Amino acid sequence: MEPLFEFAGSYWWLIFPLSGVFAAWGRSWSRANERRHQRRVELYTLKHQGEQVRQARIGEVEAVTAAHDAVNRKWLDYELDVGKLIDYPLMTDVREPLTVAFLRAKRAADALRPAAPEALSAAEFAEYRSAVNDYDVAFQIAEAEARRLKDSAFTGPERQRLARARKLLALALDDAASPAERQTAYRRARRELDGLIVLPDTAVASLEAKVARMLNGGPGSAG
């Protein structure tokens, strides 16, 4: 240790310039630490903001998908209910331009529907949202026109056939009627509607399932 003390005693004047060097090095090291900390904070913030943006986008897509489902449910009310189709036959009349327009809008929206909310880019989401909005508007216009016109596009005898079909369908689904009465009423209702309105396959299947349950033991037999 003595040589070290002798060196320090002989070169004590070096303490002043070296202290400046150490101080500068210390300040540089401190600034470097601050920059590293700032970069970590910035990266965390960017990552957090990115996750917030992603979650917000998923929420927006889910909201549009829910709106899409809502319009589909309104349409299914007609697709599955022959009674509603008899009351508002224009909803399945492909000769009606407004009906054709909403069916085309439905196909466009269905084609753009994402398999998962996060699967859409910003441009794809904008296109899907626009398609769902067009579908909703087109459906509302077609439905309003169908409800306004009802069966006015039919002749007097045709409207009488529609009225008979309504009554026969009510009888076919009446649990107070006998199985034979229900079956006969169903067949007659189908004949009355033949050539007047086009029943979607889903509506026919739903109606036949209801009638079959009634014939097999009434409404409680569906389990």
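Just so it is clear, the model here is predicted, and its values are computed rather than measured.

Looking at the confidence of the model for the chain
Right, on to step 1. Of all residues in the chain, 76% attain a pLDDT of 70 or more, and the chain-wide mean is 82.
Right, on to step 2. In this model residues 219–223 is a low-confidence stretch, pLDDT under 50, and it forms five contacts with partners more than four residues away in sequence or in other chains.

Looking at helix α6 (residues 156–172)
Right, on to step 1. The end-to-end C-alpha distance of α6, which contains 17 residues, comes to 24 Å, matching closely the 24 Å that a straight helix rising 1.5 Å per residue would cover.
Right, on to step 2. Residues of α6 that are buried include every one of Leu-162, Ala-165, Leu-168, Leu-169 and Ala-172, and no others. Projection of α6 onto a plane perpendicular to its axis shows the buried side chains occupying an angular sector of 125°, all on one side.

Details of unusual backbone geometry
Right, on to step 1. For Lys-150, which is not a glycine, the phi torsion comes out positive at approximately 50°.
Right, on to step 2. With respect to the helices and strands, the residue Lys-150 is situated in the loop between α5 (122–149) and α6.
Right, on to step 3. Given the relative accessible area of 44%, Lys-150 is considered partly exposed.

Thoughts on the pattern of salt bridges
Right, on to step 1. Counting across every chain of the model gives eleven salt bridges.
Right, on to step 2. We note a salt bridge from Arg-57 to Glu-60, for which the minimum N-O separation is 3.8 Å. With Arg-57 and Glu-60 both in helix α2 (residues 15–79), this residue pair falls three residues apart, about one helical turn.
Right, on to step 3. On the accessibility criterion, Arg-57 (27% relative accessible area) is partly exposed.

Topic: the packing of aromatic side chains
Right, on to step 1. By the definition in use, this model includes four aromatic pairs.
Right, on to step 2. Here Trp-75 and Phe-102 contribute two aromatic rings whose centre-to-centre distance is 5.1 Å and whose plane-to-plane angle is 75°, an arrangement assigned as edge-to-face. With Trp-75 in helix α2 and Phe-102 in helix α4 (residues 97–112), this pair connects stretches of sequence that are 27 residues apart. Of the two residues, Trp-75 and Phe-102, neither departs from the other in class, the shared state being buried.
Right, on to step 3. Three or more aromatic residues link up through ring pairs in this structure, and these residues are Trp-75, Tyr-78, Tyr-88, Phe-102 and Phe-139.
Right, on to step 4. Positioned above the aromatic ring of Tyr-78, the side-chain terminus of Lys-84 is 4.3 Å from the ring centre.
Right, on to step 5. Seen from the ring of Tyr-88, Arg-147 lies directly overhead, with NZ or CZ sitting 4.5 Å from the centre.

Some thoughts on the side chain of Asn-72
Right, on to step 1. The topology assignment puts Asn-72 in helix α2.
Right, on to step 2. Taking relative accessible area as the criterion, Asn-72 reaches 16% and is therefore assigned buried.
Right, on to step 3. Setting aside anything within four residues of it in sequence, one finds Asn-72 in contact with Lys-106, Asp-110, Arg-113 and Tyr-135.

The rules behind the values
- Residues numbered from 1 in each chain as written.
- Predicted model: local features only at pLDDT ≥ 70, side-chain atom pairs only at ≥ 80, totals over all residues.
- Heavy atoms only, no water.
- pLDDT = per-residue confidence, 0-100.
- Contact = heavy atoms within 4.5 Å.
- Helix = DSSP H or I, 4+ residues; strand = E, 2+ residues; numbered from the N terminus.
- Expected span 1.5 Å × (residues − 1).
- Buried < 20%, exposed > 50% of the residue type's maximum accessible area, 1.4 Å probe, protein only.
- Arc of directions from axis to C-beta.
- Salt bridge = Lys/Arg side-chain N within 4 Å of Asp/Glu carboxyl O.
- Phe/Tyr/Trp six-rings, centres within 6.5 Å; stacked < 30°, edge-to-face > 60°.
- Lys NZ or Arg CZ within 6 Å of the ring centre and 35° of its normal.

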